[in-house]
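Now for the letters of each chain:
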Amino acid sequence: MSETADRVKKIVVEHLGVEAEKVTEDASFIDDLGADSLDIVELVMAFEEEFGVEIPDDAAEKIATVKDAIDYIDSKQ
Amino acid sequence: MRRVVVTGLGMVSPLGGNVETSWKNIIASKSGAATITRFDATDYKCRIACEVKPADHEYGYDASLDVDHKIQRQVDPFIVFGISAASEALRDAGLDNMTEEERLRAGCSIGSGIGGLPGIESESLVLANKGPSRVSPHFVHGRLINLISGQVSIKYGLMGPNHAVVTACSTGAHSIGDAARMIAMDDADVMLAGGAESAICPIGIAGFAQARALSTNFNDTPEKASRPYDVNRDGFVMGEGAGVVVLEEYERAKARGAHIYAEVIGYGLSGDAYHVTAPHPEGSGGYRSMEMALKKSGLSLEDIDYVNAHGTSTPLGDELELGAVKRLFGDHLSSMSMSSTKSAIGHLLGGAGAVESIFCILAMRDQIVPPTLNLDEPSESCKGVDLVPHVAKERKVRAVLNNSFGFGGTNASLIMKAV
């Protein structure tokens, strides 16, 4: 697992209060991890802080799964 | 009019994470006051408070029993306390698993005096230091006062009236009184009613201290600071927590064989129309609110055995309430007991009236009245009033009166009796 994936998953576990094993790369934030649209806004803010990247709203809207988040962050680093 | 009874109790207080622990400690004359741990208060005039204790404390509070981790992170502590107290009350009433039909007739009226002050303070600093794009998307609904009622209604599917009182330190008492009326008026059959507060944060302590409302002479002996009616009192000690009761229409409660703690029989409300923080110099607002509750109750003064006073430990407020109680009770003063449990748990502001109503109910259940701590040297005007100094007192308790008075000159009194 990449270092980005590790850090992303840690943030997801902390913010959504879900068990670590549920946070697979295919997991959908809304369908599988119980997030709502505002939780995703908060997660995106946390990713921005953690990785020092800016995730504009149109890109954030396309982030639906854990893998989407990891890929976007990797593409900007 | 439909009769309204109390069938469930829930509490988070500086002396316990639930009703029974809090009550046991109140009766044992324990104090919840200590040096503030939430932030470094070294440079503050007031450095003490009655904080709700962490889960690993002897009488601590475990939020995770009833509140999801995610919600705990997103909302202010007053909402978390409120959800916990409401959950305990619903379970106690045996109503945590109602049918859809029942839930359509069950509502919430759980308020707060101030609401999410710690979160408003901290997110304002985020805004100032990091800019608007770093402010939490949960900022607004995590701080709003009606969001205890909102969260609890969502958690338990309660589709009846959804309301929240905001009347400073009278909030808890007004919430119970207003919700009882909603049931009496047939707007609902079951109501969760009460109040919560958690404002022990830098701006909260600084603000109340600047208003000259807090005790500042007992920073080195925190447990001595809240001393209602004592000549050396110098202001209140900030508390935090929540109290919630389940109110239920009497026939419904009886039909399902619920344990009935008490009946809400009198509710009085008034305004001082005098000053934003100082009570009316003749205590006339408090007097009228007690008088109205008494009239509604249909009781005589001699029926009331215990008064849980507003008694915040402020020099002016205690004296004026005492005067109003003495004028109201007259010849019957000698047969009743009056105490201030704020001497033990501090002032829970919007939660006070609810938590203290629960203590009143438990006083009836156990036939014991809680003490006024630190009443070492009662002021001159205390003569002739049993203020239950230092230790709890076993006595007959048939009916109780609870007073709550708030900034803005808002007063509420509740009378309850055993059924």
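Residue numbers restart at each chain and count upward from 1, following the sequence in its written direction. To label them, take the chains in the order written and letter them from A, then take the ligands in the order written and number them from 1. Thresholds applied to this predicted model are a pLDDT of at least 70 for local features of residues and 80 or more for the giving and counting of side-chain atom pairs; totals over whole chains, interfaces and linings are not thresholded and use all residues. Values reported for side chains reflect all heavy atoms of the structure, with hydrogen atoms and water molecules removed beforehand.

A description of the packing of helix H1 (residues 3–16) of chain A against helix H4 (residues 66–76) of chain A should follow, citing residues and the corresponding values.
All names here are of chain A. For helices, the fitted axis covers only the stretch in contact; all axes are lines through C-alpha atoms, and the angles between them, taken along N-to-C directions, range from 0 to 180 degrees. In this description a helix means any DSSP run of H or I spanning at least four residues, a strand means any run of E spanning at least two, and both kinds are numbered starting from the N terminus. Put simply, H1 and H4 touch, their axes get as near as 10 Å, and they point 130 degrees apart. Considering their axes alone, H1 and H4 lie oblique with respect to each other. Two packed elements cross with a definite hand, and for H1 against H4 that hand is right-handed. Contact residues: H1 offers Thr-4, Ala-5, Val-8 and Lys-9, while H4 offers Val-66, Ala-69, Ile-70, Ile-73 and Asp-74. Note that Gly is not counted as nonpolar here; it falls among the polar residues with everything else outside the nonpolar set of Ala, Val, Leu, Ile, Met, Phe, Trp, Tyr, Cys and Pro and the charged set of Asp, Glu, Lys and Arg. Tallied by class, the residues present in the contact of H1 with H4 amount to 6 nonpolar, 1 polar and 2 charged. In this scheme, roughly parallel covers angles under 35 degrees and roughly antiparallel covers those over 145, while 65 to 115 is roughly perpendicular and the rest are oblique. The hand of a helix crossing depends on one turn: near helix anticlockwise from the far one by less than a right angle means left-handed, and clockwise means right-handed. Contacts between residues were defined by any pair of non-hydrogen atoms, one from each residue, lying within 4.5 Å.

Run through helix H3 (residues 77–93) of chain B, naming residues and quoting values.
For H3(B), with 17 residues, the first-to-last C-alpha span of 24 Å sits near the 24 Å given by 1.5 Å per residue. B:Gly94 occupies a position one or two residues after H3(B) and carries a positive phi of about 70 degrees. Multiplying 1.5 Å by the helix residue count minus one yields the expected span of that helix.

For the sheet that holds strand E14 (residues 410–417) of chain B, give the residues involved together with the corresponding values.
All names here are of chain B. Ordered by their spatial adjacency, 10 strands build an open sheet running E5-E4-E6-E7-E1-E8-E14-E13-E9-E10, and the pairing between neighbours is mixed. Either end of the sheet is taken by a strand with one partner, and the two such strands are strand E5 (162–163) and strand E10 (337–339). Sheet topology places strand E1 (residues 4–12) next to strand E8 (residues 262–271); 2 bridges connect them, and they run antiparallel. Bridge assignment links Val-5 to a residue of E8, and that residue is Glu-263. Whether two strands pair depends on DSSP finding at least two bridges between them.

Could you give an account of the UniProt feature "domain: Carrier" (unreviewed entry) in chain A, naming the residues involved and the relevant values?
UniProt positions are given in the numbering used here, feature names are shortened, and annotations may be inferred rather than shown by experiment. In this numbering, the UniProt entry assigns the feature "domain: Carrier" (unreviewed entry) to residues 2–77 of chain A. Taken end to end, residues 2–77 of chain A has its terminal C-alpha atoms 13 Å apart, with 58% of it in helix and 0% in strand.

Describe the UniProt feature "modified residue: O-(pantetheine 4'-phosphoryl)serine" (unreviewed entry) in chain A, with residues and values.
Residue and element names in this part refer to chain A. Taken from the UniProt record, the annotation "modified residue: O-(pantetheine 4'-phosphoryl)serine" (unreviewed entry) applies to Ser-37. With respect to the element layout, Ser-37 can be found in helix H2 (residues 37–51). Here the term buried applies to any residue with accessible area under 20% of the maximum for its type, exposed to any over 50%, and partly exposed to those in between, with areas from a 1.4 Å probe on protein chains only. Classification of Ser-37 by relative accessible area gives exposed; the value is 53%.

Can you explain the packing of aromatic side chains? Please cite residues and give values.
Residues and elements named next belong to chain B. Any pair of Phe, Tyr and Trp rings, taking the six-membered ring for Trp, is counted once the centres come within 6.5 Å. Such a pair is stacked with planes under 30 degrees apart, edge-to-face with planes over 60 apart, and tilted for the rest. The tally for this structure, following the rule as stated, stands at 5 aromatic pairs over all chains. When the ring of Trp-23 is compared with that of Phe-359, the centres are 5.9 Å apart and the planes differ by 25 degrees; the resulting orientation is stacked. Taken together, the residues Trp-23 in helix H1 (residues 19–27) and Phe-359 in helix H13 (residues 352–366) connect sequence positions 336 residues apart. Of the two residues examined, Trp-23 and Phe-359, each falls in the buried class. Judged by centre distance (5.5 Å) and plane angle (70 degrees), the rings of Phe-208 and Phe-236 are edge-to-face. Here Phe-208 is found in helix H8 (residues 202–210), whereas its partner Phe-236 is found in the loop between H8 and strand E7 (241–249), with 28 residues between them in sequence. Note on Phe-208: relative accessible area 13%, which makes it buried. The class of Phe-236 is buried, set by a relative accessible area of 4%. Taken together through their ring pairs, the aromatic side chains of Phe-208, Phe-236 and Phe-407 make up a single cluster. Residue placement shows Arg-3 over the ring face of Tyr-250; its charged tip is 4.1 Å from the ring centre. For a lysine, the NZ atom is tested; for an arginine, the CZ atom; a charge sits over a ring if that atom is within 6 Å of the ring centre and within 35 degrees of the ring normal.

Which residues make up the interface of chain B and chain A, and what values go with them?
Taken together, the contacts link 12 residues of chain B with 15 residues of chain A. Defined in terms of a 1.4 Å probe, buried area is the accessible area two parts forfeit on being brought together, summed over both. Roughly 1,100 Å² is buried in total at the junction of chain B and chain A, and carbon and sulfur atoms are behind 46% of that figure. When a carboxyl oxygen of Asp or Glu lies within 4 Å of a side-chain nitrogen of Lys or Arg, that pair is called a salt bridge. Two residues, B:Lys130 and A:Glu49, come together in a salt bridge whose shortest N-O distance is 3.5 Å. N or O atoms closer than or at 3.5 Å make up a polar contact, with two conditions inside protein: a donor-capable atom paired with an acceptor-capable one, and, for residues adjacent in sequence, both atoms drawn from side chains. Taken together, the links from chain B to chain A amount to 10 residue pairs in polar contact (both at pLDDT 80 or more). At 4 residues, helix H2 (residues 69–74) of chain B tops the list of elements feeding residues into the side of chain B that touches chain A.

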